[in-house]
Amino acid sequence: MEVLSKSPLETKELGKALGNLLNPGNILALIGDLGSGKTTFVQGISQALHITIPVNSPSFLIIKEYKGKHRMLHIDVYRLKIPERELENIGFEEYLNSDFIIVIEWADKIRGLLPKERMEITFEHVDFNERLIKFKPYGEKYENLLLELKKCLSLE
Ligand SMILES: Nc1ncnc2c1ncn2[C@@H]1O[C@H](COP(=O)(O)OP(=O)(O)OP(=O)(O)O)[C@@H](O)[C@H]1O
Ligand SMILES: [Mg+2]
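Residues numbered from 1 in each chain as written. Chains lettered and ligands numbered in written order. Predicted model: local features only at pLDDT ≥ 70, side-chain atom pairs only at ≥ 80, totals over all residues. Heavy atoms only, no water.

Under an unreviewed UniProt entry, the name given to the protein is tRNA threonylcarbamoyladenosine biosynthesis protein TsaE, and the source organism is Dictyoglomus turgidum.

The following block contains the structure:
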């Protein structure tokens, strides 16, 4: 599924729509260039989860835990030199088997660590205020999640 977002607010609303449908343990792999809207999307998710602490691009922290309706783990691997090894050291594997909703920015840098079942969300610059956002589900759980999201979006 593809959505053309025409503003940061639209990207946030899209994140919020998905956020409302997420369950503990869900894994979202976000892929896209600098400034393509990944963090903006995560802010929408955090709104849906009633997370009150603002989510931003973690410049020093690689990994940050948030608490709301569900627990959310926000990971940005952009600055890691050897992302897969460094994440393993942080205990990434344990998080994968937890009840955290896990959202990973620059997930393409840790392909080897991504679980088979996940939602991949790709962000592309189209124009100054336009971003093409593509959803690709891996596994039945995420296929169903995407069906639910489609239903919500057509109702809006
Ligand atoms: N349609 C849009 N959706 C999202 N962001 C947009 C859109 N149009 C313009 N922008 C702007 O693009 C920037 C997106 O920044 P954001 O931090 O979300 O990107 P990012 O993909 O997380 O980047 P990074 O890889 O540096 O973490 C913001 O400055 C935002 O205002
Ligand atoms: Mg970011």
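S.K.: Which residues make up the overall build of the protein, and what values go with them?
M.R.: Across its full length, the protein carries 5 helices and 7 strands. Starting at the N terminus, the α and β elements of the protein follow one another as β-α-β-α-β-β-α-α-β-β-β-α. Against the globule reference of 15 Å for 156 residues, the protein gives a C-alpha radius of gyration of 14 Å, in line with a compact fold. Overall, the protein is about 45 × 30 × 30 Å in size when its C-alpha atoms are taken along their principal axes. The contacts of the protein with a sequence gap of at least 6 include a subset with a gap of at least 24, amounting to 63%. For the protein, the accessible surface area stands at approximately 8,300 Å², while carbon and sulfur atoms represent 51% of it. Across the protein, the 21 positively charged side chains and the 23 negatively charged ones have centroids separated by 2 Å. (Helix = DSSP H or I, 4+ residues; strand = E, 2+ residues; numbered from the N terminus. Rg over C-alpha atoms; globule rule 2.2 N^0.38 Å. Contact = heavy atoms within 4.5 Å. Areas by Shrake-Rupley, 256 points an atom, 1.4 Å probe, with all protein chains shown as cover. Lys, Arg positive; Asp, Glu negative; His and termini not counted. Charge placed at Lys NZ, Arg CZ, Asp CG, Glu CD.)

S.K.: Summarise the site of ligand 1; cite the residues concerned and give the values.
M.R.: In the vicinity of ligand 1 lie 20 residues, with T11, G35, K38, T39 and T40 positioned nearest. Contact distances for ligand 1 include 2.9 Å between an oxygen atom and a backbone N or O atom of G35. Contact with the protein chains covers 76% of the free accessible surface of ligand 1, which is 640 Å². Among the secondary structure elements, those contributing two or more residues to the shell around ligand 1 are α1 (8-19) and α2 (38-48). Among the elements that take part in the shell around ligand 1, α2 stands out by supplying 3 residues, more than any other. Here the residues of the shell around ligand 1 are counted per class, giving 4 nonpolar, 10 polar and 6 charged. (Near = heavy atom within 4 Å. Polar contact = N/O pair within 3.5 Å; in protein donor to acceptor, adjacent residues only side chain to side chain. Nonpolar A, V, L, I, M, F, W, Y, C, P; charged D, E, K, R; others polar.)

S.K.: So what's going on with the pairing of strand β5 (residues 101-105)? Which residues, and what values?
M.R.: The element β5 is extensively covered by neighbouring structure, given that 5 of its 5 residues are classed as buried. Direction of pairing for strand β2 (residues 27-32) relative to β5: parallel, over a ladder of 4 bridges. Bridging across to β5, L30 finds its partner in E105. Both strand β4 (residues 71-76) and β5 contribute to a ladder of 5 bridges, which runs parallel. Opposite I75, over in β5, you have I104 as the bridge partner. (Buried < 20%, exposed > 50% of the residue type's maximum accessible area, 1.4 Å probe, protein only. Pairing = 2+ DSSP bridges.)

S.K.: Help me get a handle on the sheet that holds strand β7 (residues 130-138), residues and values and all.
M.R.: The 7 strands lie next to each other as β1-β7-β6-β2-β5-β4-β3, forming an open sheet whose pairing is mixed. With partners counted over all chains shown, the strands left at the sheet margins are β1 (2-5) and β3 (63-67), one partner each. Shown here is a sheet whose adjacent strand axes are inclined to one another by a mean of 20°, direction ignored. The pairing of strand β6 (residues 118-127) with β7 spans 9 bridges and is classified as antiparallel. Across the sheet, the residue bridging to F123 is I133, located in β7. Sheet strands in contact with α2 are β2, β4, β5, β6 and β7, and its direction is about 155° off that of β2. (Axes fitted to C-alpha atoms, helices over the stretch in contact; angles between N-to-C directions.)

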